[in-house]
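Residue-level listing of the chains:
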Amino acid sequence: MTVLRPGNAVVCVACRVLLSSHSGVRCRLPLQKLPSLSRPIHHRYSSSGTQSRIPRRSAARNYSSLTRPTYRFPRPPPGGPGYQQRRSFWVARLAARFLKLRYLLLGSAVGGGYTAKKTYEEWKEMIPDFSEYKWMVPDFIWDLNEHIDLEKITNALPDLEELSKLLPDLTKMGDNLSFFKSLISNDTSGEASLKSAEDTGSETSDKQYKKTTDKEKVDQLQEELLRTQLKYQRMLERLEKENKDLRKVVLQKDDKGIHQRKVKKSLIEMYSEVLDILSDYDSNYNTQDHLPRVVVVGDQSSGKTSVLEMIAQARIFPRGSGEMMTRSPVKVTLSEGPHHVARFKDSTREFDLGKEEDLAALRREVEIRMRKSVKDGQTVSPETISLSVTGPGIQRMVLVDLPGVISTVTTGMAADTKETIFTMSRAYMQNPNAIILCIQDGSVDAERSIVTDLVSQMDPQGKRTIFVLTKVDLAEKNMASPNRIQQIVEGRLFPMKALGYFAVVTGKGSTNENIDAIKDYEEEFFQNSKLLKNGMLKAHQVTTKNLSLAVSDCFWKMVSESVEQQADAFKASRFNLETEWKNNYPRLRELDRNELFEKAKNEILDEVVSLSQVTPKHWEAILQKKLWERVSTHFLENIYLPAAQSMNSGTFNTTVDIKLKQWADKQLPHKTLEVAWETLQEEFGRFMSHRQGRDQDDIFNRLKEAVREESIQRHRWSDSAEDSLRVIQHNVLEDRSITDKQEWDAAARFMEETLRARLSDTEAVIQDMVGPDWKQRWLYWKRRSPEQSICSETRNELEKLLKLREDHTAYLASDEVTTVRKNLESRGVDVEPSLIKDTWHQLYRRHFLQRALLHCNLCKRGFYYFQQRFEDAEMDCNDVVLFWRIQKMLGITANTLRQQLTNSEVRRLEKNVKEVLEDLGEDSGKKVELITGRRVQLAEELKKVREIQEKLEAFIQALQQEK
């Protein structure tokens, strides 16, 4: 055996193959080693196996004939060394033929591959985007550009070992060997036929090229392209319809619980909840939110609301002819579901978008909410209305419809409407991750657009802007130069840049059209449109369907890129807030405003319940005391003193009965109810003050005071209470029978206390009138004023009159007034008659009260004589009886009021307090006003940040699982 080594080359005549050191071929015959390939040696073997040497020239000539198939060699004898060579000769020829066929196939494959690649690129532009049907194909075969990756499909196919198990046995394929032999034997004729076919094809193509012009070729290609597009569009629509129906059936079955799996929130619903929380967080604390939203902006009446409705596949917004209908931002969360329904964030009612009555109700509700959000004479409001729309085949995204940009403020609008809309639009577009859906009316002159300048200011590079040209049907019909439409959708007319440009048709001019009719009209228009036929518009740039797919893809791409960064930012904010809380409030729980309100609510209700635990004795004592304080002045000044100063027992009783009846008919019941209500308020306030002083927490003070005042204003005593009190008080005041010595003594003491208190008040009034006496002047260095000196002289003169006549009446006669005045003038004191009468009134009152006290002390010991007076004894104690009647009236009235309080009024007050607390609980502004402070604000912000972070982390986890 001879092994070839590097640097050596030999030629074997038997093998007829050039052997080199690089081929790794082993020859079993003895070979002579040569120094290089340039000098080959030819070995010829005879029939006897002997070797003969051939000259160099002859060897070269024989070497050139190695590849000739017609060369014949002597057949070696069987069993000899040449016989083994003869056996392997046909194998070598067969291998050579196969190698030649390989080169032929390789050349054909290269040429065909180039042609196929060019054809594939042309057809690739015509094929619509099938990214919507990603769910039908496994996720692992899609590349980063959302196209099917053929390499991944190839890798996903089974390997040769697995495939060989599926193929039939190779031993059974011997019948096909003759085909390959014939192909190999006739390779020369095959090459000739292939060459002749190529020549014929080139001649035919040259002739056809000569017959047709370039313009005709372009027209034919465009027509073929349009036919292909329409064909694929119809196929796509049919598949979409079938897919939509199938997915609806699957979702409905899954919704009924056939799969028995736990229902979870969809990814877009989780994202929408995060946006809602961030919106509340931003409105309260003015914090930036960088999560993506699709912000729909456009000039007024440009069709932006119609574009949103086409994406949502329902007429969900109120419509008006040239009138501003969008008065506040509307956040619409689109998601896929088994039923086409809509619902508001703060409501559980679902509107079936397949029913016209539900659609009308939804539009009315949106309009009502918009008008309610506009306050204080404004035209637009920054308050966001959150709405979710679910249905089969709807692209998942979150859109915010903003009020249309205006250029002029008309009559009926607020003066700052234009600036408010601009400010609101900038606030939403300044989010670096917000996708701006810029809507432009194609039926008007492009130079009249306002929104394009605004969008170009907020996104100068156009990295997050999608331009939409609406009303293209009107634009094509009315525009003299259709090239302007091409310039618009190619981004060459406006200075604004955008990610993509789309042309859509969102209506036929009527507000009553449904979405399906508009879709059919849009499809029919673009099928017959010259803009598409002439190449001014491309197939992927038209229809709202392609628009929604593009916006959804862009939306989720930006969500994936920004959500983790936003979660990290809130994680850092949470750490800072928790550190501040630990440093400032280490021993307090982190209660936000709502939790603090619930705590205060429970405390207030406990305090109201405590009113029912007040003892009857306490209620009656405080009611009787307050009632007497309220009616004592009227009783003494208008009933007792006028009757007692008459100095006649018969006249006294008559006067007292008449005045008591008048008093009980009108003033007394009303005053009694006022006293009862004030007592209830004071007791309620006392319990609150006691609770506040015990807890030493002043956060609830303003809230409790507001609840108490509002409950008092709402409370009204029962109307029947006054009538019942009137009857009871009449009956008590008419009774004069005192049968018990204790009651007599109690009445005497009550009378004495009352008279002493009134006498003390009268002396204080006289002291103020006359000034300090001689003791105060000498010891405390006090002086009298001139007026007080005159009053002092007048008092001295009137006291002389009282000493002369102790039984003087309550009023001075005119001659007595004149006498007193002349006496004072004789001493150089000039005094007015009115001053004399006022001084006499107080002096006589003191004189009368002193005599009444003496009479009261006498009557204390005269109960027995009082009882005998009716029989034969003579003793006048009618004033003690009067005070007994008043005292009895106070006791019975207090008892009646206590029963009313404990039986009904406390419960009614508790009900009022609950209503007030419920109203305050629904009014977030009131809660912010009444429960405030850094502690509350810090706890509120900390809770929001935690909630946002948790929801962001849950959303990120769900997003990763879906990927």
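Keep in mind that what you see is a predicted model, and the values were worked out from it rather than measured. (Residues numbered from 1 in each chain as written. Predicted model: local features only at pLDDT ≥ 70, side-chain atom pairs only at ≥ 80, totals over all residues. Heavy atoms only, no water.)

1. What about the overall build of the protein?
Then step 1. Scanning the protein from N- to C-terminus turns up 32 helices and 15 strands.
Then step 2. Taking all 963 residues of the protein together, the buried fraction comes to 41%.
Then step 3. For the protein, contacts bridging at least 24 residues in sequence account for 76% of all contacts bridging at least 6. (Helix = DSSP H or I, 4+ residues; strand = E, 2+ residues; numbered from the N terminus. Buried < 20%, exposed > 50% of the residue type's maximum accessible area, 1.4 Å probe, protein only. Contact = heavy atoms within 4.5 Å.)

2. A few points about the confidence of the model for the protein
Parts of the prediction with low pLDDT should not have their coordinates interpreted in detail.
Then step 1. Averaged over all residues, the pLDDT of the protein is 75; the fraction at 70 or higher stands at 69%.
Then step 2. Within the protein, helix 1 (residues 56–64) has the poorest average pLDDT of any element, 41, and strand 7 (residues 294–298) the best, 92.
Then step 3. Here residues 1–74 is a poorly scored stretch, pLDDT under 50, and it has 94 contacts once near neighbours within four places are set aside; other chains count.
Then step 4. pLDDT under 50 marks residues 163–198. Its contacts with residues more than four places away, or in other chains, come to nine contacts. (pLDDT = per-residue confidence, 0-100.)

3. Notes on the sheet that holds strand 10 (residues 351–352)
In a beta sheet, neighbouring strands are held together by backbone hydrogen bonds and run either parallel or antiparallel to one another.
Then step 1. Reading across the sheet, the nine strands line up as 10-9-11-8-12-7-13-14-15 and stay open at both edges, with mixed pairing between neighbours. Of all strands in the sheet, those with a lone pairing partner are strand 10 and strand 15 (500–503), marking the two edges.
Then step 2. When strand 8 (residues 330–336) meets strand 11 (residues 385–391), the two strands line up parallel, connected through seven bridges. From the neighbouring strand, lysine 331 faces strand 11, where its bridge partner is serine 386. (Pairing = 2+ DSSP bridges.)

4. Considering unusual backbone geometry
Then step 1. Although it is not a glycine, glutamine 313 adopts a positive phi angle of roughly 65°.
Then step 2. Tracing the chain through its elements places glutamine 313 in the loop between helix 9 (304–312) and strand 8.
Then step 3. One non-glycine residue, threonine 543, adopts positive backbone phi at about 75°.
Then step 4. You can see threonine 543 is positioned in the loop between helix 16 (530–533) and helix 17 (544–584).
Then step 5. For threonine 543, a relative accessible area of 14% gives the class buried.

5. So, a negative patch on the surface
Then step 1. Taken together, the side chains of Glu915, Glu918, Glu922 and Asp923 present a region of like negative charge at the surface.
Then step 2. Within the element layout of this structure, glutamate 915 appears in helix 30 (residues 878–922).
Then step 3. Classification of glutamate 915 as partly exposed rests on a relative accessible area of 31%. (Patch = residues over 30% accessible without salt bridge, like charges linked within 9 Å, V, L, I, M, F, W, Y side chains within 5 Å. Areas by Shrake-Rupley, 256 points an atom, 1.4 Å probe, with all protein chains shown as cover. Salt bridge = Lys/Arg side-chain N within 4 Å of Asp/Glu carboxyl O. Lys, Arg positive; Asp, Glu negative; His and termini not counted. Charge placed at Lys NZ, Arg CZ, Asp CG, Glu CD.)

6. Re the side chain of aspartate 473
Then step 1. In this fold, aspartate 473 is placed in helix 13 (residues 472–478).
Then step 2. Among buried Asp, Glu, Lys and Arg side chains, aspartate 473 stands out as unpaired, with lysine 471 the closest opposite charge at 8.6 Å.
Then step 3. If near-sequence neighbours (up to four positions away) are discounted, aspartate 473 is found in contact with Val505, Gly507, Tyr521 and Phe525.

7. What about the packing of aromatic side chains?
Then step 1. This model, assessed by the stated rule, comprises 17 aromatic pairs.
Then step 2. Arranged with centres 5.8 Å apart and planes meeting at 50°, the rings of phenylalanine 467 and tyrosine 501 form a pair that is tilted. Linking phenylalanine 467 in strand 14 (residues 465–470) with tyrosine 501 in strand 15, this pair joins segments that are 34 residues apart in sequence.
Then step 3. Since its relative accessible area comes to 1%, phenylalanine 467 is described here as buried. (Phe/Tyr/Trp six-rings, centres within 6.5 Å; stacked < 30°, edge-to-face > 60°.)

8. A few points about the state of the cysteines
Then step 1. Following the criterion strictly, the structure yields one disulfide and no others.
Then step 2. Residue pairing for cysteine 859: its cysteine sulfur links by disulfide to cysteine 877, the two sulfurs lying 2.2 Å apart. Taking the torsion about the S-S bond as the criterion, the cysteine 859 to cysteine 877 disulfide, at about -95°, is left-handed. Placement of cysteine 859 in helix 28 (residues 833–860) and of cysteine 877 in the loop between helix 29 (863–869) and helix 30 is noted, with a sequence separation of 18 residues between them.
Then step 3. The buried category is assigned to cysteine 859, whose relative accessible area is 0%. (Disulfide = S-S within 2.5 Å.)

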